[in-house]
Each structure stands twice: as C-alpha cells, then as structure tokens.
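# Working through the structure, step by step
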Amino acid sequence: MCFPLGISTTLAVKAYVLYKLNRFDESEKVADEMFDFAKESALPNLIWRVEALRGELHLKRGHKDLALKAFLRAHKAVNAISGVLKSDHSKLRFGLGKEGIIKNILKILKEKRKTSEIVKLLEESRGRSFSDMLADTEIKEVNNHPIGKKIAHINKKLKKLMLNSTLFNFERRNSEKNKNQLFKQKENYLNELKKVNPELLKYFYEKSNLSIKKIQNYLKVDQILVYEIPTFSNENMNYLIISKNKSKLINLGLSQDELKEILFSFTDAIAFNDIKEQNKVASILRSKLQIKKWSAPNSVYFLPSGFSYFIPWGILDLKFPLSILPKANWIFDTKNKDYKNEIVLLGDPEFGGFFKKLPGAKKEINSLSKLYNKKGLLGKEATLRGLKKTIKGGTKVLHLATHGKFNPSDPMKSSIILSDGEKAFHFYAKDIINSKLKARTVILSACETGMGKTLAGDDFLGLSRSFYLSGTRSLLSSLWPVSDKGTLFFMEEFHKALQENSLGDSWLKAIEKTKNQGFPPGVYGAFILGGEL
C-alpha cells in the first residue's frame, strides 16, 4: 500500500519550488511525472493542478497558445469534479488555485478579443463555484425530488471515492471504474432533470450555452449588461460591455488592489463622519470606473468581480438604475407569478435583550404601514412563523427592518435577526434557501445585509444569494450600517416612488431625494439593487 496524497504533495511541492527558481525544464519534467501519477492513481483532483502548473510554465516561456490549452484542460478537469469537493477546501496551498486558472484563461482570451468565449467561461465559472459551495448544504427542494436526490447521493459517493483514492492507493482500477460510472450516471440524471424540472439545475453545475447574441436578443434598446472580467489583484480591471447591437472591452486603468484602497478610504470617511472626504472619494471612484464610456444607457445589469461587489453605486451620480446580477442568465427567467399580497412588513423584533432594540425600525414599519394601509409584524409578532403565515400566497414586496449579521468565516451562517416571540431568532442564509418565501422583491433595511464573500469563480455568497434561491427576483440591501434617520427617509422616499415607478427608477428617485435633503454619500450610497429592474 502507498499513500497517493503524500506522493502527490511531494511532487507538487518539488515542481512548484523549481518553477519559482525559474528552473522551468526541471519543473516541467516533475509536472509530467505528476500527471502520469495522477492518471495512474485516478486522481482527477490532481490533474487540474498539474495542467495549471503547465499553463504557468508555458506563460513564462511566452507560449500563450500552449498555455491556453493547458489552462483549458485544467478548467475542464475542475468542472468534472464540481459539486464534489468544496472550492475553498480543495484549493492547492501552493501554486495556482482554481480562480487563478480562470483569470489566466480570461487574460489570454482578452488579448485575443475572444468575447464570446469570455462570456461562456464567466458563466461556467460562476455556476461551478456555486455548485461547489452547495456541496455540503442540504437543499430540501433537491432532496424532495427523486432525480435531484439521486444526483446529491452520487455527489456524496464521488466525494468519498475521491478522498479514499487520494489517501490510499488500493483497488485502483475498481476505484477509477466506479468514478467513471458515477460521473456518467450524474450526467444522465442532469440531462433528465433538465427535461422534467430545469428549475432545479440552479443547484448543480451545468455547462453554459449562453452567448453574446442571446444576451443582445434579450436586452432592450439603451439597456446594457456589464461583465467585469476577473483579474489578478494587481492588474488593471476590464469591463465587457454588451448592448443591443454591439459589445466592447474597456480597460479601467484601475486594479482590484487600488479599488480596495478607495473603498476602504470611503468607509473610513463614513466612520469619522468626514463628509468632505466622502464626496472626494465619490468623485475619484466616479472617474476611475469610466462610466462616461458606458454609452449613456437607460438601465444597467452589472456582474462584478472581487471588491466590485462592494461598490456603492448610489454615490456616483448615475442617471440610470444599476442592478447587480448573480449570473447573466438570470435576466432570461421572466416567469410571472401571482402574488396575493401587495406588501408584507416586519421590523423591530423582540430580541429579549440579546440585541439592541430598534426604535428606528419600528418607526419605519409604522410609517410604511400608513402608506400601504397594511399592518406590520412588530415586536413579539415578528417571528418566522408569523412571517410565513402572513406571506402565504406570496407578496410583491417583503420589507424587513431588523438587524442583519454577516459571518465572513461561514457566509451560510449570516442571518436576518427575527424573534421567536420572546428572544432573538437567527434566520440563517442556509435556512432562507429552504424557506421558499414567495416574495418577488425583498427589501433588507438592516445592517450589512448586502455583505457576502466572493468565492473562486466569482460567485457571491451571502444573504442576497440565499433570497434569490428561495424565489426572490429583486433585492434592495445595504452595504454598511446607516443611521435610523437616514434609513427612514430613504425608505419612505423609495416606497413613495414605488407606487408609480419601477424598482430601478424608485431607487434613483430615493437617492436623489435623500441627497437633496442634505444627507451625506454614506447614507444614500449604502443601498444597492440586485436582480430584476
């Protein structure tokens, strides 16, 4: 008996050290040895790492076509195990991680102006990262469907097989044969699921067939979709801008590292209540993002990368609404559903002393109750049971005014704080997915509800993503805590505008009114839109 994990780790470290020492020929020989060992030992999780290293070696030598082929093989190998190993747990602790593969492929495709291939790769990587994230999450909707349950069971068996083949090198042939059979079964079940319940495919990795042409066919005149192309943190950010009739790439001349510093400067200015500095940073950000090159659209769908998820778009004097999308194909799901309620309101739950009371949230719910002539759930009534009972039959708008908590170490444990009737109750992100609250638009008037964690492949995990999976189409959330007075004014103006305007236009009007009232950028810039406009 031998231990493949120890052998592969030794070879990987050796190849990587040689690579860092610029001894490329020797590094490539070790990489070849790693590849042969990976194939012999049936270790698909090692193959992508070998190909990633080969890609880097080719790049160092200036062989971009060979590098692209190697990175694409690595990408294919990663996709083959998607949903089996969690992305953050299965990264190599040395060398290129999964997100590095994507960034290198995109870098080469960008130089070749291969925009169609860029779109396909971006959608696949987002889908894969999300599938990986859900690898250890129990989804009721999946387990309640016979085919979905079979796929989830296969994923568990694959995970066990791959772990065993990594740790112990015995019954190699049977192990490889079993894995191939399971991968084939999984593919067949996914094809079957696509026919009978395509909605469930959002929980599993699926190859993307999205094209620029398909996006253009959906977009309205003067509407654009903007992809941020993931880059390494010290490299210039790039946007792929798709309109009804054309697409173009623009180089921002701004790196993710620089964007991070700008955003940190802005949040520091909020913390110190430095309004002059807030306005100064807003002006810098407006210039750096080159919004004037966006061709004056009427509305924008934006797919961020990295720190761009935390851009406070409301401070940029936009003349158009902008919404953050989880994936580009989100805009194609235009199914109309019936909603029994116009709005459901909940706020200021009874925390039993575990959290600070929210008198501002109570005032907010009472104000909106008068506007809509609808009683809200307050205090001891602000429970999950009460929410589900009130929302039964669905609601066009769900407004939650309570604490929101972001857990950076485990985003699925981020939560909206409700009440159990006596004390605080955490409505966790993982439970929101399974709750299936039928709410078309969710408004999270709470602290840090727009926060989340970017995973390999640029999927964004947090409360927003969980609400989308529960059936929500649009979402308004906050990037940081906002004063009671500022939140109340913004939300009142937003809901007044919503009586006669679209979600996007209502957002713009609320920003304008809040700004004109004298509130600083840290107030009207805190709220961001996601999903449908």
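### Description of the sheet that holds strand S10 (residues 415-419)
- As summarised here, the arrangement of the three strands in space is S9-S10-S11, forming an open sheet in which the pairing is antiparallel. Across the chains shown, the open sheet's two edge strands, defined by having one partner strand only, are strand S9 (404-405) and strand S11 (424-428).
- Relative to S10, S9 runs antiparallel, the two being bridged by two bridges. When the bridges of S10 are listed, Gly404 appears paired with Ile416.

### Some details on the environment of Val221
- Mapped onto the secondary structure, Val221 falls in the loop between helix H10 (212-218) and strand S1 (223-229).
- Each C-alpha atom of the pair Val221 and Asn245 lies 8.6 Å from the other, and the pair is 24 residues apart in sequence.

### Brief notes about the packing of helix H13 (residues 359-372) against helix H17 (residues 484-498)
- It is the contact of H13 with H17, at a shortest axis distance of 10 Å, that shows an interaxial angle of 15°. Accordingly, the angle class assigned to the pair H13 and H17 is roughly parallel. In the packing of H13 onto H17, the handedness of the crossing is right-handed. For the pair formed by H13 and H17, the contact residues are Gly360, Lys363, Glu364, Ser367, Leu368, Leu371 and Tyr372 on the first element and Asp484, Thr487, Leu488, Met491, Glu492, His495, Lys496 and Leu498 on the second.
- When the residues that make up the contact of H13 with H17 are grouped by side-chain class, the tally is six nonpolar, four polar and five charged.

### With respect to the packing of aromatic side chains
- The tally for this structure, following the rule as stated, stands at twelve aromatic pairs.
- Ring geometry for Phe302 and Trp313: centres 4.9 Å apart, planes at 65°, overall edge-to-face. Here Phe302 is found in strand S4 (residues 299-303), whereas its partner Trp313 is found in the loop between S4 and strand S5 (322-324), with eleven residues between them in sequence.
- On the numbers, 5.6 Å between centres and 40° between planes, the contact of Phe489 with Phe519 is tilted. Of the two residues, Phe489 is situated in helix H17 and Phe519 in the loop between helix H18 (503-516) and helix H19 (521-524); the sequence distance between them amounts to 30 residues.
- Judged by relative accessible area, which is 14%, Phe519 ranks as buried.

### A look at the side chain of Glu51
- Checked against the element boundaries, Glu51 lands in helix H3 (residues 44-60).
- The exposure class of Glu51 is buried, given its relative accessible area of 3%.
- Among the polar contacts made by the side chain of Glu51, one reaches the side chain of Arg73 at a distance of 3.2 Å.

### Things to note about the nonpolar core
- Among the nonpolar cores identified, the biggest contains 65 residues, and Tyr239, Leu289, Trp294, Trp313 and Trp507 are the most heavily contacted of them.
- The residues touching Trp294, leaving out its near neighbours within four places in the chain, are Ile224, Val226, Tyr239, Ile241, Ile250, Leu289, Val300, Phe302, Trp313, Phe320 and Leu322.
- Residues Leu106, Ile212, Leu346 and Phe427 belong to the second largest nonpolar core, which totals 56 residues.

### A short note on a nonpolar patch on the surface
- Taken together, the side chains of Val13, Val17 and Leu21 make up a nonpolar region of the molecular surface, amounting to roughly 230 Å² of accessible area.
- Mapped onto the fold, Val13 is located in helix H1 (residues 4-20).

### Thoughts on the sheet that holds strand S6 (residues 341-349)
- If you walk across this open sheet you meet the eleven strands as S3-S2-S1-S4-S5-S16-S15-S12-S8-S6-S7, and the pairing is mixed. Looking at which strands have only one partner, the edges of the open sheet turn out to be strand S3 (247-255) and strand S7 (377-379). Pairs of neighbouring strands in the sheet enclose a mean axial angle of 25°, with direction left out of account.
- Of the strand pairs in this sheet, S1 and strand S2 (residues 236-242) are connected by five bridges, and their pairing is antiparallel. The residue bridging Leu225 from the neighbouring strand is Ile242, located in S2.
- Each of S1, S2 and S3 is contacted by helix H11 (residues 256-271), which is oriented at about 65° to S3, the strand it contacts most.

### Looking at the confidence of the model for the protein chain
- With 81% of its residues at a pLDDT of 70 or more, the protein chain has an overall mean of 83.
- Low pLDDT (under 50) marks residues 166-171, which in the prediction has 15 contacts with non-local residues, meaning those over four places away or in another chain.

### Regarding the pairing of S3
- Pairing between S2 and S3: six bridges, direction antiparallel. Paired with Asn238 across the strands is Asn251, a residue of S3.
- Counted along the chain from S2 to the antiparallel partner S3, the turn is four residues long.

### Let's talk about the pattern of salt bridges
- Applying the stated criterion across every chain yields a total of 16 salt bridges.
- In this structure, Asp348 and Lys357 form a salt bridge, with 3.7 Å as the shortest nitrogen-oxygen distance.
- In this structure Asp348 comes out as buried when scored by relative accessible area, which is 5%.
- In this structure, the salt-bridge partner of Asp420 is Lys423, at a minimum N-O distance of 2.9 Å.
- Its relative accessible area of 38% is what places Asp420 among the partly exposed residues.
- Of the residues examined, Lys423 reaches a relative accessible area of 38% and is grouped as partly exposed.
- Overlapping salt bridges, with partners in common, bring together Glu51, Arg54 and Arg73 in one network.

Calculation rules
Residue indices begin from 1 for each chain and proceed along its sequence in written order. The model is predicted, so local features are restricted to residues of pLDDT at least 70 and side-chain atom pairs to those at 80 or more, both for listing and for counting; the totals for chains, interfaces and linings are taken over all residues. Processing note: side-chain calculations cover all non-hydrogen atoms of the structure and skip hydrogens and water entirely. Paired strands, as defined in this entry, are two strands with at least two bridges between them according to DSSP. Numbering of helices and strands runs from the N terminus, with a helix taken as a DSSP run of H or I at least four residues long and a strand as a DSSP run of E at least two residues long. The angle between two axes is taken between their N-to-C directions and runs from 0 to 180 degrees, where each axis is a line fitted to C-alpha atoms and a helix contributes only its stretch in contact. To sort the angles, those under 35 degrees are grouped as roughly parallel, those over 145 as roughly antiparallel, those from 65 to 115 as roughly perpendicular, and the leftovers as oblique. If you view the pair so one helix is near and one far, a crossing is left-handed when the near helix is turned anticlockwise from the far one by less than a right angle, and right-handed when it is turned clockwise. Contact definition: two residues touch when any of their heavy atoms are within 4.5 Å. Each residue gets one of three labels, nonpolar for Ala, Val, Leu, Ile, Met, Phe, Trp, Tyr, Cys and Pro, charged for Asp, Glu, Lys and Arg, and polar for the others, Gly among them. The pairing test for Phe, Tyr and Trp rings, Trp by its six-membered ring, is centres within 6.5 Å, and the orientation test on the planes gives stacked under 30 degrees, edge-to-face over 60, and tilted for anything in between. Each residue is assigned to one of three classes by its accessible area relative to the maximum for its type, calculated with a 1.4 Å probe on protein chains only: buried under 20%, partly exposed between the two thresholds, exposed over 50%. Pairs of N or O atoms within 3.5 Å make up the polar contacts considered here, provided that, within protein, one atom can donate a hydrogen while the other can accept it, and that residues adjacent in sequence are counted only when both atoms are side-chain atoms. Residues belong to a common nonpolar core when they are buried Ala, Val, Leu, Ile, Met, Phe, Trp, Tyr or Cys residues joined through side-chain atoms within 4.5 Å. The residues that make up patches have over 30% relative accessible area and no salt bridge, and they are joined within 9 Å when like-charged or within 5 Å when they are Val, Leu, Ile, Met, Phe, Trp or Tyr. For every accessible area listed, the method is Shrake-Rupley and the probe measures 1.4 Å; residues are considered covered only by the protein chains on display. Here a salt bridge means any side-chain nitrogen of Lys or Arg lying within 4 Å of a carboxyl oxygen belonging to Asp or Glu. As a per-residue quantity, pLDDT reports the predictor's confidence and falls between 0 and 100.

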